[in-house]
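# Working through the structure, step by step
The residues making up each chain are set out below.
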Amino acid sequence: MARLPKQVKDAEGRASAASASLATIAQERGIKYFLISYVDLFGGLRAKLVPASAIDEMQKAGAGFAGFATWLDMSPADPDLFAVPDPSSLIQLPWNPEVGWLASDLVMDGKIVEQAPRSVLKAQLARAEALGYEMKSGVECEYFLISADGSAIHDGSDTAAKPCYDQSALMRQYGVIKEICDSMLQLGWGAYQNDHEDANGQFEMNWNYDNALITADRHVFFKYMVKSIAEKHGLRATFMPKPFINLTGSGCHVHVSLWKKGGNAFSDPKGELGVSQLGYHFIGGLIHNADALCALTNPTVNSYKRINAPRTISGATWAPNTVTYTGNNRTHMIRIPDAGRFEFRLADGAANPYLLQAGVLASGLDGIENARDPGKRLDINMYTEGHKVRGAKRLPLNLLDALRALEKSKVLKDSLGSALVDGYLKLKTEEWNAYSRHLTQWEREHTLDI
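Here is a short report on the structure shown in this document. (Residues numbered from 1 in each chain as written. Predicted model: local features only at pLDDT ≥ 70, side-chain atom pairs only at ≥ 80, totals over all residues. Heavy atoms only, no water.)

### Thoughts on the overall build of the protein chain
Selection criterion: Going along the chain from the N terminus, every DSSP run of H or I of four or more residues is numbered as a helix, and every run of E of two or more is numbered as a strand. The reference for a compact globule is 2.2 Å times residues^0.38; the radius of gyration itself is calculated from the C-alpha atoms. The rule is simple: take the accessible area with a 1.4 Å probe, protein chains only, and divide by the maximum for that residue type; under 20% is buried, over 50% is exposed, in between is partly exposed. Any pair of residues with heavy atoms lying within 4.5 Å of one another is described as a contacting pair. Under the convention used here, a 1.4 Å probe and the Shrake-Rupley method define accessible areas, while residue burial counts only the protein chains that appear.
Looking only at helices and strands, one finds 15 helices and 17 strands in the protein chain. Rg of the C-alpha trace for the protein chain: 22 Å, near the compact-globule value of 22 Å for 450 residues, within the 12% margin. For the protein chain, with 450 residues in total, the buried portion stands at 56%. The contacts in the protein chain between residues at least 6 apart in sequence include a share of 72% that link residues at least 24 apart. Total accessible area on the protein chain stands at roughly 19600 Å², and carbon and sulfur atoms take up 51% of it.

In structure tokens, the structure reads:
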């Protein structure tokens, strides 16, 4: 999470931006087209390209979609789905400024679609606001730069056993890294560092934390931006959790703090590690709900090759497999690196940006409302001493285990809504079944002659 000053829109500024005329903005900024977009349950970014001459009506009524044609729990018989753009989310594409990108809220039959991920997050933020809180968060989005066919990392010279922070490997990708960072600086996100990560071909870029909805919108756009700029440079970018079995996977760590009346409610100089009792209750909620939350934070079959991985060639996986927390120690699911915040290290690059934030907040509010005790802090190396820990829950071994945990979770179903949870479980179970019907080469090699 950033320690640098940041520009923050106040409530009045957000309201003003939300009511701004997109047609007027288009004239002022030279925008010729708008991408009216939304994210489906699987995190897929869907959009329609709308000419500026038609944006006035679209701003009022929304752009029409067939929900069943994307990963939403709908049928072909359902009425039109309308994506109503949020003007406060407008981002002018730095690499193509005649196009403006907009996050949208989904409406059907004049009602907000309760399973829509952005609406689910907004509902959780409203729930927190009713208690006097605002969640602020930052994300660390790791990704690989790979060949166009996805078979290998792009840089054939990036072969070091310990490639993390490798200056030469970083600078060989200077063109694409610079353009992405320049774009974030131009957008005012407060980008402050870029690095080569622990896997060969893997990178991470950091920008300032903000309100959780702003962070989620930017997270969505960041993934699109990285992929687009990489393609422009003849590369391919992937946020897949574990694209190469011998290399460290791509996480999406979330830094979290809760604010009240302009102050950090997790900060307490007298608290253990500078964290308030409220903060520990929030952590307690994440500990309590971690196995069910895993279905949202680690949403693919491939996700579990990251969090249950053997040691990689760098010497560590940097991913948790047990539900524990600690101080400034990266071998646990939750670490407290500084006073007044914590880092949730479970999520991976496949996580839906909105459901990631919504799930973390729902779990944390459950912890606060029920004064959940996170238990004893463990100040050990979980990679070498984790087998000695007694009583700590293990994370799910696969997607099916995580889905079953989510299905049993009254906390997340009540918080996030049955429309979201039931629809998500239905579609993700179908995905698991499709995977289970797939015959792998490993099976043939090991059981053909049994």
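### Comments concerning the state of the cysteines
What we call a disulfide is simply a covalent bond connecting the sulfur atoms of a pair of cysteines. Worth spelling out the cut-off: The disulfide criterion is simple: two cysteine sulfur atoms within 2.5 Å.
Counted by the stated rule, this structure contains 0 disulfides. With no disulfide partner, cysteine 164 has as its closest neighbouring cysteine sulfur the one in cysteine 141, 16 Å distant.

### Here we look at the side chain of serine 104
Mapped onto the fold, serine 104 is located in strand 6 (residues 99–108). Given a relative accessible area of 4%, serine 104 falls into the buried group. For serine 104, the contacting residues outside a window of four places in its chain are Ile36, Ser37, Ala83, Val84, Pro85, Asp86 and Arg118.

### Overview of the nonpolar core
The tendency in soluble globular proteins is for nonpolar side chains to be buried as a group. The following threshold applies: Residues belong to one nonpolar core when they are buried, are Ala, Val, Leu, Ile, Met, Phe, Trp, Tyr or Cys, and are joined through side-chain atoms within 4.5 Å.
By size, the foremost hydrophobic cluster in this structure holds 122 residues, and its most contacted members are Tyr143, Ile180, Phe222, Phe282, Phe342 and Phe344. It is helix 8 (residues 277–297) that contributes the most residues to this core, 12 residues altogether. Those residues in contact with phenylalanine 222 that lie beyond four places of it in its chain are Cys141, Tyr143, Ile180, Met184, Trp189, Met205, Trp207 and Phe239. Core analysis: the next-biggest nonpolar cluster, separate from the first, contains 6 residues, Phe144, Ile153, Ala199 and Leu247 among them.

### As for the side chain of aspartate 366
Selection criterion: N or O atoms within 3.5 Å of each other form a polar contact, as long as, within protein, one can give a hydrogen and the other can take it, and as long as residues adjacent in sequence are counted only when both atoms are side-chain atoms.
Of note, aspartate 366 is situated in helix 10 (residues 353–369). Here the side chain of aspartate 366 touches arginine 372 through a polar contact of 2.7 Å, side chain to side chain. Setting aside chain neighbours within four positions, we find aspartate 366 in contact with Arg127, Gly285, His288, Asn289, Arg372 and Val411.

### Regarding the packing of aromatic side chains
Applicable threshold: Each Phe, Tyr or Trp ring (for Trp, its six-membered ring) is paired with any other whose centre lies within 6.5 Å, and the angle between the two planes then decides the class: stacked below 30 degrees, edge-to-face above 60, tilted in between. Cation placement over rings: the criterion is NZ of Lys or CZ of Arg within 6 Å of the ring centroid and within 35° of the ring normal.
Following the criterion strictly, the structure yields 19 aromatic pairs and no others. Here tryptophan 189 and phenylalanine 221 contribute two aromatic rings whose centre-to-centre distance is 6.3 Å and whose plane-to-plane angle is 75°, an arrangement assigned as edge-to-face. Residue tryptophan 189 is found in the loop between helix 6 (174–187) and strand 9 (193–196), and its partner phenylalanine 221 is found in helix 7 (residues 212–232); the two are separated by 32 residues along the sequence. The burial state of tryptophan 189 is the same as that of phenylalanine 221; both residues are buried. Taken together, the ring pairs connect Trp95, Trp101, Tyr143, Trp189, Phe203, Trp207, Phe221, Phe222, Tyr224 and Phe239 into an aromatic cluster. The ring of phenylalanine 65 carries the charged tip of lysine 48 above its face, separated from the ring centre by 5.3 Å. The cationic tip of lysine 136 hangs over the ring face of tryptophan 259; the distance from NZ or CZ to the ring centre is 4.1 Å.

### Considerations on the pattern of salt bridges
Threshold: We count a salt bridge whenever a side-chain nitrogen from Lys or Arg sits within 4 Å of a carboxyl oxygen from Asp or Glu.
Taken as a whole, this structure holds 24 salt bridges when the rule is applied. With its nearest N and O atoms 2.5 Å apart, the salt bridge here joins arginine 341 to aspartate 338. Of the charged contacts in the structure, one is a salt bridge between aspartate 379 and arginine 377, with a shortest N-O distance of 2.7 Å. One salt-bridge network, in which partners are shared between bridges, spans Asp86, Asp105, Arg118, Lys122 and Asp217.

### Details of the environment of isoleucine 91
Topologically, isoleucine 91 is positioned in strand 5 (residues 91–92). C-alpha of isoleucine 91 to C-alpha of valine 107: the two residues are 16 residues apart in sequence and 22 Å apart in space. Ignoring anything within four residues of it in the chain, the contact list for isoleucine 91 reads Val99, Gly100, Trp101, Leu187, Trp189 and Phe221.

### Here we look at helix 7
Counted only if it meets this: Multiplying 1.5 Å by the helix residue count minus one yields the expected span of that helix.
Here helix 7 spans 30 Å end to end across 21 residues, near enough to the 30 Å set by a 1.5 Å rise per residue. Between a side-chain oxygen at the N-terminus of helix 7 and the backbone nitrogen of leucine 213 the separation is 2.9 Å; the capping residue is asparagine 211. With its phi angle positive at about 80°, glycine 234 sits one or two positions after the end of helix 7.

### Things to note about the packing of helix 4 (residues 117–130) against helix 10
This is how it is decided: Lines fitted to C-alpha atoms define the axes here, with helix axes fitted over just the stretch in contact, and angles between the N-to-C directions of these axes take values from 0 to 180 degrees. Oblique is the label for any angle not under 35 degrees, not over 145, and not in the 65 to 115 range, which are roughly parallel, roughly antiparallel and roughly perpendicular in turn. Two helices crossing with the near one rotated counterclockwise from the far one by less than a right angle form a left-handed crossing, whereas a clockwise rotation gives a right-handed crossing. Think of it as three bins: nonpolar holds Ala, Val, Leu, Ile, Met, Phe, Trp, Tyr, Cys and Pro, charged holds Asp, Glu, Lys and Arg, and polar takes everything else, Gly as well.
Two elements in contact, helix 4 and helix 10, have axes whose closest approach is 8 Å; the angle formed by their N-to-C orientations is 30°. By the angle between their directions, the pair helix 4 and helix 10 is classed as roughly parallel. Here helix 4 and helix 10 pass one another in a crossing that is left-handed. Packed against helix 4, whose contacting residues are Pro117, Arg118, Val120, Leu121, Gln124, Leu125, Arg127 and Ala128, the element helix 10 presents Tyr354, Leu355, Gln357, Ala358, Leu361, Ala362, Leu365, Asp366 and Glu369 at the interface. Grouping the amino acids of the contact of helix 4 with helix 10 by side-chain chemistry returns 11 nonpolar, 2 polar and 4 charged.

### Some thoughts on the environment of glutamate 445
Summarising the element assignment, glutamate 445 is placed in helix 15 (residues 441–447). Looking at glutamate 445, the relative accessible area reads 56%, which means it is exposed. Taking C-alpha positions, glutamate 445 is 53 Å from phenylalanine 266, a pair spaced 179 residues apart along the chain.

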